[in-house]
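Descriptive structure summary
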Amino acid sequence: MSDELKKRFREMEDHKTDQSLYLNVGSVLENYGGDVLRGTYNLKKKSITPTEPSIRRQSQRRSSIRRQSQRRSATVEITPLEISGSLSKYDYDDDQPPGERPIYCPPEWNALTKGARTELTTMLSWERLSRWDFDVREVARLSKELLRSGSFPDTIDRPACPLLLVGWAILCEPHAQRAMEGSLGDRMTSDDDDDSDKGDGNGNDNGNDDDNDNEDGGEKPFPYSFDVLNIDPEKVCNFLREIEKRYVHDVPYHNNVHAADVTQTLHCLLQFLGKDLLQSIYDPLEVFSMLLAATFHDVAHPGTNNLFQKHSCSKHAMRYNDVSILENMHCAVGHSYLMGEDRKKEWDIFKEWNEEMKVRAREVMVEAILSTDMSHHFEHVGELTSLAEKVGTDAGKDESAPKPILRILSDALDRLKKGEEVPSKKACLKLKDFLLKFLLHCADISNPAKPRQLCIPWADRALAEFFAQGDEEERRGLPISPMCDRATTARADSQIGFLKFVIRPTYLVLGEIVPRVGSDLIPIVDGNIAYWSGEKSRLTLAGRASNLTVEDMREGIQEEGSGDEDDDENVDSGDEIDDLTPSCPSENGGSAASGE
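Residues numbered from 1 in each chain as written. Predicted model: local features only at pLDDT ≥ 70, side-chain atom pairs only at ≥ 80, totals over all residues. Heavy atoms only, no water.

Aromatic ring pairs: the centre-centre distance and the angle between the two ring planes describe each pair. This structure, assessed with the given rule, holds 13 aromatic pairs. In textbook terms, an aromatic cluster arises when at least three aromatic residues are bridged by ring pairs, as seen for Trp126, Phe222, Tyr224, Phe226, Phe288, Phe350 and Trp353. Note that lysine 450 overlies the ring of tryptophan 132, its terminal NZ or CZ placed 5.1 Å from the centroid. (Phe/Tyr/Trp six-rings, centres within 6.5 Å; stacked < 30°, edge-to-face > 60°. Lys NZ or Arg CZ within 6 Å of the ring centre and 35° of its normal.)

Below is the structure:
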């Protein structure tokens, strides 16, 4: 166990009298695979037994909160996106090589107002996409600004399509950015002026490395060279459209906006590795496959977590035998459209690939999505720590001065390609594969590590989903899952527990391997811990109960919006959910909550 976790457990032993924090930390550990740490801490969710009057009050409170939210909430009906007519404004022979086809814009882009296209062209530029404070909810909001005379019939009430736009911008760079600029009628002057810095447009730079650092001190964003994979932008967009339609848009958290957010965050973490190291350790196929996996890592998520699936004996639990239930389902749905019975030529992304490439891509994507099962979180953090230590220790025996782990790994892989022997060959190869899928896991849980104007609304969406699941579990007479009981889960305490015991230790371990994670992100995490601790203290001093009602949550959002950070931020920006606690339909197609 890391020193960071030991420190946090000692802190909790000193705060046993804080029942709310103690219970919420226990729930976090139970939800995220803390069983592997048993014997090193004594926290248990039920270690503090409530009295009978307390149980009655909690039950009454749950019922009262649920009735209030049901009176307030109105179910948002989302019409699946149906596109009539041609999928593209360009006509060409399907056998024409993708590199020789006209610049492609998806019809969703062509249907936007020029104002929306102008803003999105700036937002989806390579530089902006590579920022940690990127707000995907703004992409969702702008993607709904339609021209009535555009490519879509006036009768279509189209939902937001942030996943399609963000996925197109990342997977089809730099062609997507050029198409966006070209759609504005007059190309941006900087496009031509900056060619010397951007490269030749095929993922190759022009050798101008004099200005390789950005204004924040890190390396400038770099392209992935996906052109060598012969990717057809139209097929990519068609696939993203089909996948986005299969996200349940009225699930508060695990929806298409979350998928777009994770895709962009994974891209950002990959950029943190740096161009030389990323390209020396991973080939374009591996990077492309990981980013593609991010787009469907939660597809068809019902809004309930694996515990709910297991306890309710859902069809998914029966099919996958209670093992990583939802993760297996997401994999199956996505790969059915990529390679299985739902594959069509319109979205056959891998058409130009040989069988070996397809098998490799599938292996990368399946392992990455299955690794997002949070019940294995602490196990995976421990494994990454051990691998990094072994690679670093063995390499250090032959080095006069220690090297960064990524540089050691890069040098070892280069020597292996030349047929040379390296220390800990097996550990190096395992670290290479493990790190890539761990980055997707870190992107999946990254919201608490984002700047405050982003982390707060995402936290409230996650809690809304959890509480909706808890309500449904109570209605069915099922055990209420950890963090899903609105009567015992405190907003601030749940975030403090998650940040201290999950996010900070995880990002510290990753920061030992990817230095920019430690230098750029840990200060944000520490600031968010201080913020939620301050919120807890403020409510305590005000004489408020630590278990917040929906009204408390709304008030907190409003107060955050009135502060000095992005006054217009709130939980509903750029998405379709109008209420923090929507109703929880059944497991067969509704929305409830899933473990983050």
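From this point, the discussion proceeds with the structure in view.
What follows is about the pattern of salt bridges. Going through the model one piece at a time under the given rule, you end up with 26 salt bridges. Arginine 137 serves as the salt-bridge partner of aspartate 135, at 3.0 Å between the closest nitrogen and oxygen. Taken individually, aspartate 135 and arginine 137 each receive the classification buried, so the pair is uniform in this respect. Of the charged contacts, one joins aspartate 433 and lysine 432 as a salt bridge, the two residues approaching to 3.7 Å between their closest N and O atoms. Salt bridges here are not isolated pairs; linked through shared partners, they connect Asp283, Glu286, Arg360, Lys432 and Asp433. (Salt bridge = Lys/Arg side-chain N within 4 Å of Asp/Glu carboxyl O. Buried < 20%, exposed > 50% of the residue type's maximum accessible area, 1.4 Å probe, protein only.)

Time to look at the side chain of histidine 377. Residue position: histidine 377 is located in helix H20 (residues 377–396). Within the structure, the side chain of histidine 377 is placed 3.0 Å from the side chain of threonine 506, a separation counted as a polar contact. (Helix = DSSP H or I, 4+ residues; strand = E, 2+ residues; numbered from the N terminus. Polar contact = N/O pair within 3.5 Å; in protein donor to acceptor, adjacent residues only side chain to side chain.)

On to unusual backbone geometry. Cis rather than trans, the peptide bond between glutamate 173 and proline 174 has omega equal to -5°. With respect to the helices and strands, the residue proline 174 is situated in the loop between helix H8 (162–171) and helix H9 (175–183). Notably, alanine 300 is not glycine yet its phi reads approximately 65°, a positive angle. By the element assignment, alanine 300 lies in the loop between helix H15 (284–295) and helix H16 (306–311). Relative accessible area serves as the criterion here: at 23%, alanine 300 is assigned to the partly exposed category. In this model, serine 424 sits at a positive phi of 55°, which is unusual for a non-glycine residue.

With that out of the way, let us pick up the confidence of the model for the chain. Of all residues in the chain, 66% have pLDDT values of 70 or greater, and the mean over the chain is 79. The low-confidence segment residues 187–211 (pLDDT under 50) makes 28 contacts with residues lying over four places distant or belonging to another chain. Note on residues 553–596: pLDDT is under 50 here. Beyond four places in sequence and across chains, it has 134 contacts. (pLDDT = per-residue confidence, 0-100. Contact = heavy atoms within 4.5 Å.)

Once that is clear, we can look at the packing of helix H23 (residues 452–476) against helix H24 (residues 491–513). Orientation of H23 relative to H24, taken along the N-to-C sense of each, is 105°, at an axis distance of 11 Å. By the angle between their axes, H23 is roughly perpendicular relative to H24. Residues Ile456, Ala459, Asp460 and Leu463 of H23 form the contact with H24, whose participating residues are Arg491, Ser494 and Gln495. In the contact of H23 with H24, the residues fall into 3 nonpolar, 2 polar and 2 charged. (Axes fitted to C-alpha atoms, helices over the stretch in contact; angles between N-to-C directions. Parallel < 35°, antiparallel > 145°, perpendicular 65-115°, else oblique. Nonpolar A, V, L, I, M, F, W, Y, C, P; charged D, E, K, R; others polar.)

With 18 residues, helix H13 (residues 256–273) should cover 26 Å at 1.5 Å per step; its first-to-last C-alpha distance of 26 Å lies within 8% of that length. Of all 18 residues in H13, 18 are buried, a share of seventy percent or more. Two or three places before valine 257, at the start of H13, stands the capping residue asparagine 255, its side-chain oxygen 3.0 Å from that residue's backbone nitrogen. The positive-phi residue at the C-terminal boundary of H13 is glycine 274, with phi of around 95°. (Expected span 1.5 Å × (residues − 1).)

For soluble globular proteins, nonpolar side chains are generally found buried alongside one another. Ranked by size, the top nonpolar core spans 134 residues in total, and within it Leu124, Trp168, Phe239, Phe288 and Leu292 carry the most contacts. Here the element with the most residues in this core is helix H22 (residues 425–444); it accounts for 11 residues. Ignoring any residue separated from it by four or fewer positions in sequence, one finds leucine 292 in contact with Leu171, Phe239, Leu338, Ile349, Phe350 and Met365. Judged by nonpolar contacts, the second largest core, of 5 residues, contains Ala317, Tyr320, Ile325 and Met329. (Core = buried A, V, L, I, M, F, W, Y, C linked by side-chain atoms within 4.5 Å.)

Each pair of packed helices can be described by the angle between their axes along with the distance between the axes. One way to put it is that H13 packs onto H15 with a least axis distance of 7 Å and a crossing angle of 155°. The orientation of H13 relative to H15 falls into the category roughly antiparallel. Residues Ala259, Val262, Thr263, Leu266, His267 and Leu270 of H13 form the contact with H15, whose participating residues are Val287, Met290, Leu291, Ala294 and Thr295. In terms of residue class, the contact of H13 with H15 is made up of 8 nonpolar, 3 polar and no charged.

Mapped onto the elements of the fold, histidine 441 is located in helix H22. A relative accessible area of 1% places histidine 441 in the buried class. Setting aside anything within four residues of it in sequence, one finds histidine 441 in contact with Ser371, Thr372, Met374 and His377.

With 27 residues, helix H25 (residues 515–541) should reach 39 Å at 1.5 Å per residue; the first-to-last C-alpha distance of 39 Å fits that figure. Along H25, the sharpest change in direction is near 40° and occurs at leucine 521; proline proline 523 comes one to four residues later. Looking only at H25, the buried set comprises Val517, Leu521, Ile522, Val525, Asn528, Ile529, Tyr531, Trp532, Glu535, Lys536 and Leu539. (Bend = angle between axes of the 7 residues up to and from the residue.)

Its location among the elements puts isoleucine 405 in helix H21 (residues 405–417). Not counting residues within four places of it along the chain, the set of residues in contact with isoleucine 405 comprises Ala388, Gly392, Leu431, Glu512 and Ile513.

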